[in-house]
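Read off the chains here:
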Amino acid sequence: MAEERTFSIIKPDATRRNLTGQINAMLEDAGLRIVAQKRIRMTTGQAEEFYGVHRERPFFNDLVAFMTSGPVVVQVLEGEDAVAANRKVMGATNPAEADEGTIRKRFAESIEANSVHGSDSRENAAIEIAYFFSGTEIVG
Ligand code: ATP
Ligand code: MG
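Cut-offs used in this document
Residues numbered from 1 in each chain as written. Chains lettered and ligands numbered in written order. Predicted model: local features only at pLDDT ≥ 70, side-chain atom pairs only at ≥ 80, totals over all residues. Heavy atoms only, no water. Helix = DSSP H or I, 4+ residues; strand = E, 2+ residues; numbered from the N terminus. Buried < 20%, exposed > 50% of the residue type's maximum accessible area, 1.4 Å probe, protein only. Contact = heavy atoms within 4.5 Å. Areas by Shrake-Rupley, 256 points an atom, 1.4 Å probe, with all protein chains shown as cover. Lys, Arg positive; Asp, Glu negative; His and termini not counted. Charge placed at Lys NZ, Arg CZ, Asp CG, Glu CD. Arc of directions from axis to C-beta. Pairing = 2+ DSSP bridges. Axes fitted to C-alpha atoms, helices over the stretch in contact; angles between N-to-C directions. Salt bridge = Lys/Arg side-chain N within 4 Å of Asp/Glu carboxyl O.

Colleague: Help me out: how do you make sense of the overall build of the protein in this one?
Modeller: Looking only at helices and strands, one finds seven helices and four strands in the protein. In sequence order, the secondary structure elements of the protein are arranged as β-α-α-β-α-α-β-α-α-β-α. With the C-alpha coordinates aligned to their principal axes, the bounding extent of the protein is approximately 35 × 35 × 25 Å. Expressed as a percentage of the 140 residues in the protein, the buried residues total 47%. Taking the intrachain contacts of the protein between residues at least 6 apart in sequence as the baseline, contacts between residues at least 24 apart amount to 79%. Carbon and sulfur atoms provide 48% of the accessible area of the protein, an area that totals close to 7,200 Å². Computing the positive centroid from 16 side-chain charges and the negative centroid from 21, the protein places the two 4 Å apart.

Right, here's the structure in full:
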């Protein structure tokens, strides 16, 4: 276990329902510190690049449309084992499979509109953080 950083997004279904504060409280209760945060409207180009690994999947165009449908809150989270800790508090991609007490179980509307994104590895976390934040915007 080590101190590390991960990248998080509060997705448009959650900002639309004014859930930013409640989701941030769940992240903080899980031991994660929000060391950078901003609310943005993703462009189509940003969403296509961000989810580029899913380009060949049938849900790709819908996913890009969803991620650009409203504001998102992009965040850098810091803490012990932050990548795994965040994935744990997020819950499974499909809210029907998410554990009790997770953000997706509590708030997700569907497998697509599932309220939050979290990096799936330390390597991807570094790439995703650098895509949205400059070093001076992150204050640990
Ligand atoms: P994220 O990458 O957003 O943190 P994840 O790692 O749990 O979520 P991925 O498999 O990386 O899930 O899928 C990325 C996103 O694409 C999901 O969060 C969801 O919004 C959407 N998605 C995944 N699978 C489906 C599907 N079968 N139908 C519709 N949308 C999907
Ligand atoms: Mg993913």
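Colleague: Looking at this structure, I do not really get helix α7 (residues 122-132). What am I missing?
Modeller: Buried within α7 we find A125, E128, I129 and F132. Projected down its long axis, α7 shows its buried positions confined to an angular sector of 100°, all on one face. Seen from the open side of α7, the exposed residues pointing more than 90 degrees away from its buried face are E123, I127 and A130. In this structure, the buried residues of α7 make contact with β1 (3-10), β2 (33-40), α3 (44-50), β3 (72-80), α5 (82-90) and β4 (116-118).

Colleague: So what exactly am I meant to see when it comes to the sheet that holds β4 here?
Modeller: By definition, the strands of a sheet pair up through backbone hydrogen bonds, in either a parallel or an antiparallel sense. What the four strands build is an open sheet, ordered β2-β3-β1-β4; its pairing is antiparallel. Each edge of the open sheet carries a strand with a single partner, namely β2 and β4. Going across the sheet, the axis of each strand differs from the next one's by a mean of 20°, ignoring polarity. Inspection of the sheet shows β1 paired to β3 by eight bridges, in the antiparallel sense.

Colleague: Looking at this model, I keep getting lost on the pattern of salt bridges. Mind explaining?
Modeller: Pairing between side chains of opposite charge can happen when the charged atoms of each approach one another. Inspection of every chain in the model, using the stated rule, returns nine salt bridges. Note that E4 and R122 form a salt bridge whose closest N and O atoms lie 2.9 Å from each other. In this pair, E4 sits in strand β1 while R122 sits in helix α7, placing the two residues 118 residues apart along the sequence. Owing to a relative accessible area of 11%, E4 belongs among the buried residues under this scheme. Between E78 and R33 there is a salt bridge; the shortest N-O distance is 3.0 Å. Note that E78 is positioned in strand β3 and R33 in strand β2, a separation of 45 residues in sequence. Judged by relative accessible area, E78 falls into the buried class, the value being 12%. Each of E3, R5, R33 and E78 takes part in a single network of salt bridges with overlapping partners.

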